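Below, each chain spelled out in residue letters.
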Amino acid sequence: VSAPAIVFIGFMGAGKSTALRIAGDSFDQVWDADDWIERHVGMSIADYFAEFGEEAFRKEEAALASKLLRDAAGGVVALGGGAVVAESIRKELTDHIVVWLQVDAETAWERVSDSDRPLAKDRAEFDALFAERQALYESLADAVIPQGDPDIVAGALPWIRALADLPPGTKMIWATSDSGEYPIVIGRGILESNWWPLEGRQFYVCDENTRRYYADPMQPIAKPIVVEAGETAKTMQTATQVLEALANQEMTREDYLVALGGGVVGDLAGFCAHVYQRGVPVVQVPTTLVAQVDSAYGGKTGVDLPEGKNYAGAYHLPAAVIADTSTLATLPREELAAGFVEALKTGLLAGGGLWERVRAIESLDPTGLDDVVFACARYKCEVVAADERDAGLRQALNLGHTVGHAIEAASGYERYRHGEAIGLGLLAALRLSGAAELRDEVEEILARHGLPTSLDPAVEIEPTLAALQRDKKRTAAGVGFILLPEPGVPQVGQLVDPAKVRAAVEELYR
Ligand SMILES: NC(=O)c1ccc[n+]([C@@H]2O[C@H](COP(=O)([O-])OP(=O)(O)OC[C@H]3O[C@@H](n4cnc5c(N)ncnc54)[C@H](O)[C@@H]3O)[C@@H](O)[C@H]2O)c1
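This is a predicted model, so every value here is computed, not measured. (Residues numbered from 1 in each chain as written. Predicted model: local features only at pLDDT ≥ 70, side-chain atom pairs only at ≥ 80, totals over all residues. Heavy atoms only, no water.)

Peer 1: Would you mind showing me how to read the side chain of T325 here?
Peer 2: Within the element layout of this structure, T325 appears in the loop between β14 (320–324) and α12 (333–350). A relative accessible area of 1% places T325 in the buried class. Setting aside residues up to four positions removed in sequence, T325 forms contacts with I186, G187, R188, Q292, P366, D370 and V373. (Helix = DSSP H or I, 4+ residues; strand = E, 2+ residues; numbered from the N terminus. Buried < 20%, exposed > 50% of the residue type's maximum accessible area, 1.4 Å probe, protein only. Contact = heavy atoms within 4.5 Å.)

Peer 1: Even after reading the chapter, I still don't get the site of the ligand, so can you show me in this structure?
Peer 2: Taken together, 29 residues lie around the ligand, and D207, E231, T287, T288 and T330 are the ones closest in. In this structure, an oxygen atom belonging to the ligand sits 3.0 Å away from a main-chain N or O atom of V264. K380 has a polar side-chain atom sitting 3.2 Å from an oxygen atom of the ligand. Elements that contribute at least two residues to the shell around the ligand include exactly α8 (208–214), α10 (263–275), α11 (289–295), β13 (308–315) and α12. The element contributing the most residues to the shell around the ligand is α8, with four residues. Classifying every residue of the shell around the ligand gives seven nonpolar, 12 polar and 10 charged. (Near = heavy atom within 4 Å. Polar contact = N/O pair within 3.5 Å; in protein donor to acceptor, adjacent residues only side chain to side chain. Nonpolar A, V, L, I, M, F, W, Y, C, P; charged D, E, K, R; others polar.)

Peer 1: Explain empty space enclosed by the protein here, please?
Peer 2: To find leftover empty space, one rolls a probe the size of a water molecule over the atoms. Counted according to the given criterion, the structure contains three cavities of 30 Å³ or more. Taken as a whole, the largest cavity spans an internal volume of roughly 40 Å³. Surrounding the largest cavity, A259, G261, G262, G263, V265, G266, D267, Q284, P286, A291, S295 and A296 form its lining. Counting residues per element, the ones that place at least two in the lining of the largest cavity are β10 (256–261), α10, β11 (282–286) and α11. Looking at which element gives the most residues to the lining of the largest cavity, the answer is α10, with four residues. A class-by-class count of the residues in the lining of the largest cavity yields five nonpolar, six polar and one charged. (1 Å grid on protein atoms, 1.4 Å probe; cavity = no way out; pocket = protein on both sides within 12 Å on 5 of 7 lines; lining within 4 Å. Points joined across faces, edges and corners; volume = space filled by probe spheres on them.)

Now the structure itself:
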């Protein structure tokens, strides 16, 4: 096809017709596949189902919708919820930009249960079908946006259209949460393609390494502000330097800041963007695996204090995240491994297909992780959408971080990379969860990727336990741990007997 069409897919009730209506305004050719099929067969889909049954309908749908997609170049299409089951339709979709309108089962049911839809009569069957279809939608999606809310579709549309000009395989997520929404673009070779979607003057922060490798294509208007590489740059002192540099470069609130680097640059620059003139937009351009699977999304920013990890910070959602996975190629092997721990953590939390994918990785190849980056980003965005400010579910993302952060703080942020400390923290958390077998497997996975599985005796236990007591998740009742009895089932805010905590940390010295 000459120009791809934009094709909305998703479960019944996801808002495909609404999305079609909104997007349709800016396209000449607009097709609702269900309407088109109804016109061709000369009756409503409900009547067709009643008369000929589902199997006959699916055959008819496969033939008609495939033909529609072959002729849809440059237009916009909404497909019926079950259309993607047909292989012939899935094949046609590879030529188009496929937008999955994601909806939760509850909302979908509320929207369709009193319609005449033949597959929305029985709640249990509906839920089973819903669960079955998710993986299919996910595997086809180039863009994922939360349900067909008119404003969201209108906001996301330019970014969806941009996918046509981006390197093949680039994907988009429209992230939403209580305080805002923003696009995430994940692909290979985005920086080199010279695509830059934002208007306005850009100022930016990078570190010594990301300046060396990636500063040039970014064409900032002012000299990049370069901080030293590594966790030791995540301090109030460095934040002050960055803020003063921005003031000297005469950045205004009409401009925006770009954070080009790993989690350290992202957290630091995000924090500076939050406080500079009471807030300027920040675009995260993550260049490490940690940042691409986790830290660039969700708006947590901050710096460390000698007293505690991430002890000064703010929520500041990015204006956009642009993750170019080709940057992982220059990442030192140890950094890639450390980043893998955040993906491992996400796999453990998500369970299901993501856990299977992550546990099966035999060796880390920076060119083979794009699907993992995308899936982890999606998982994180889903969690943040449900609980932006850490009231419950989002705390689960801190699996392994209670002990991990304590190790970082007790060792002066220098002995271990963040991911390495979190790997040790995962082992402690799984011991406290009573998940002995899973702990063994995670230990084996860490070892496989050259990650530490035991704690350097130079990091003493008493300061580590003391740092643990200062964890930000501490309430009057004590430090709330995140436990994980099995993949996919996190439990937040769990108080644990201090003797058990000591034993789980002691075990790390073996
Ligand atoms: N905000 C959040 O939600 C969140 C989540 C997870 C982690 N974090 C934070 O992220 C930080 C860890 O992030 P990190 O592991 O990315 O550390 P980092 O930013 O220090 O990067 C690691 C190293 O890789 C170098 N580097 C970065 N990109 C490179 C590239 N493409 N090629 C070559 N070298 C490159 C850096 O210069 C640095 O030396 C921690 O401070 C952690 O607390 C924050």
